[in-house]
Amino acid sequence: MGSISYPLRVPETLMEVVELRTKEEYVDKATALRQLVYMGAEDYVMCLYKKGRISLSLAAKLLGKSVHDVLRLALEKGIKTEHRDEHHKASEKAVRKLMKK
Amino acid sequence: MMTKFVLDSDCLIKLTKSQILKKLVENFNCIISEKVYDECVVEGKKRFYEDASQIDDLVISKKLGVRKAGRNVNVRKMIGEINTLGSGEISTLFLFFNTKADAVISDDQAFLDVLYKNSISFIVPVDVIIRLTELRVITVKEALEGLERLAPYIREKDYLRAKKLLEVKKYG
């Protein structure tokens, strides 16, 4: 996965969290900040996935993970598939019409 | 001619976990795109997911087909404005149109939205389990066990609805 540099001003309080992480995880400040940004991004992407705003395949691409990883992550976060009523009706109609022996 | 279904990564993995996929592909013509094969099998095997090996076994035994999705102008137009799908779902759409399949099987809400809005037939995995029971492809016991394995991934309301339907079939 490639990386780019980006100029960014961050709140002092966030840098305190970064300091904490450097000590807890034995990493340098830049790594700690990158990890925190990634954790926030992961939560955001999974939130979009939960709402049905993005698909499994897109979530996997955005997070640089496999689709299996995303489903496991969803399981850990208690994210479950939610079908709208119209989806249920359309699926029930299709299954009766198409799945015959 | 046997009914043809196109499966995406989401339903492929969930139906594998519920141990229903094998029964489905043995009784219906099921295909996946090369991209979905990469997502589920190639990437899954790299990370040692057991589901990936189980899906690959069905591909190797030619029960589950892997096809080139190709391109389709109508699908391009359809997805032109859509930025909610990944390459796996988009390749599934191409494959659906290019092979003149009957329906897509998926459990992905963002994908189902696109399918519904474009009047494309789709079936969700829970309905596959219920229907295979009605067709006596699987027993009620197998269906209930499959549903239990699927339960962590689906909403409780959907789980209970399916369980109730299956128990009615079991006990009459």
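Definitions and cut-offs
- Each chain has its residues counted from 1, following the order in which its sequence is written.
- Each chain gets a letter, beginning with A, and each ligand a number, beginning with 1, in the order they are written.
- Two thresholds apply to this predicted model, a pLDDT of at least 70 for residue-level local features and 80 or more for giving and counting side-chain atom pairs, whereas whole-chain, interface and lining totals are computed over all residues.
- Strands are runs of DSSP state E lasting at least 2 residues, helices are runs of H or I lasting at least 4, and numbering of each runs from the N terminus.
- Each residue is classified by how many other C-beta atoms fall within 10 Å of its C-beta atom, where C-beta atoms are placed from the backbone; a count of 20 or more means buried, 12 or fewer means exposed, and values in between mean partly exposed.
- In this description, a line fitted to the C-alpha atoms serves as the axis of each element, helices being fitted only across the stretch in contact, and the angle between N-to-C directions of two axes falls anywhere from 0 to 180 degrees.
- To sort the angles, those under 35 degrees are grouped as roughly parallel, those over 145 as roughly antiparallel, those from 65 to 115 as roughly perpendicular, and the leftovers as oblique.
- Residues are scored as being in contact if the C-beta atoms we place from backbone atoms lie within 7 Å.
- Residue classes follow a fixed rule: Ala, Val, Leu, Ile, Met, Phe, Trp, Tyr, Cys and Pro count as nonpolar, while Asp, Glu, Lys and Arg count as charged, and any other residue, Gly among them, counts as polar.
- Here the bounds of each domain stem from an automatic or database domain assignment.
- Two strands make a pair as long as DSSP finds a minimum of two bridges between them.
- The term nonpolar core refers to a set of buried Ala, Val, Leu, Ile, Met, Phe, Trp, Tyr and Cys residues connected through C-beta atoms within 7 Å.

So, unusual backbone geometry
Residues and elements named next belong to chain B. The phi dihedral of Phe48 is positive, around 60°, even though this residue is not glycine. With respect to the element layout, Phe48 can be found in the loop between helix H3 (34-46) and helix H4 (50-60). The exposed category is assigned to Phe48, around which 9 C-beta atoms lie within 10 Å. Here Arg136, not a glycine, exhibits a phi torsion of approximately 60°, which is positive. Looking at the secondary structure, you find Arg136 in the loop between helix H8 (125-134) and helix H9 (140-150).

Observations regarding the packing of helix H2 (residues 29-51) of chain A against helix H3 (residues 56-63) of chain A
Residue and element names in this part refer to chain A. Taken N-terminus to C-terminus, the directions of H2 and H3 make an angle of 175°; their axes are 10 Å apart at the nearest point. The angle between the axes of H2 and H3 places the two elements in the roughly antiparallel class. Listed contacts from H3 to Glu42, Val45 and Tyr49 of H2 are Ala59, Leu62 and Leu63. Taken together, the residues of the contact of H2 with H3 sort by class into five nonpolar, no polar and one charged.

Remarks on the domain arrangement of chain B
Residue and element names in this part refer to chain B. Taken domain by domain, chain B consists of domain 1 (4-124) and domain 2 (127-171). At the interface, 12 residues of domain 1 touch 10 residues of domain 2. Those elements giving two or more residues to the side of domain 1 that touches domain 2 turn out to be helix H1 (9-17) and helix H2 (21-27). Of the residues belonging to the side of domain 1 that touches domain 2, the class tally is six nonpolar, three polar and three charged.

A short note on the interface of chain B and chain A
Taken together, the contacts link 40 residues of chain B with 29 residues of chain A. Contributing elements (two or more residues each) for the side of chain B that touches chain A: H1, H3, H4, helix H6 (87-98), helix H7 (109-117), strand E5 (122-123) and H8 of chain B. Considering each element in turn, the side of chain B that touches chain A owes the most residues, six residues, to H7 of chain B. Along the lines of polarity and charge, the residues of the side of chain B that touches chain A split into 17 nonpolar, nine polar and 14 charged.

So, the sheet that holds strand E2 (residues 29-33) of chain B
All names here are of chain B. With parallel pairing, the five strands of this open sheet are ordered in space as E3-E2-E1-E4-E5. Either end of the sheet is taken by a strand with one partner, and the two such strands are strand E3 (64-67) and E5. By the bridge criterion, four bridges tie E2 to E3 in an arrangement that is parallel. Residue pairing across strands places Ser33 opposite Arg67, the latter belonging to E3.

A short note on the pairing of strand E1 (residues 4-7) of chain B
Residue and element names in this part refer to chain B. When E1 meets E2, the two strands line up parallel, connected through three bridges. Pairing of Val6 across the sheet is with Ile31, part of E2. The pairing of E1 with strand E4 (residues 103-105) spans three bridges and is parallel. Bridge pairing in E4 links Phe5 to Ala103.

Describing the nonpolar core
Counting 71 residues, the largest nonpolar core has Leu12, Leu24, Cys40 and Ile129 of chain B as its most contacted members. With sequence-adjacent residues up to four places away left out, Cys40 of chain B is seen in contact with Val67 of chain A together with Ser9, Leu12, Ile13, Ala52 and Ile55 of chain B.

Observations concerning H7 of chain B
Here H7 of chain B has its buried residues at Gln109, Ala110, Phe111, Leu112, Val114 and Leu115 of chain B. Those residues of H7 of chain B hidden inside the fold are in contact with helix H5 (85-98) of chain A together with H6, E4 and E5 of chain B. One or two positions beyond H7 of chain B, positive phi appears at Ser119 of chain B, with a value near 55°.

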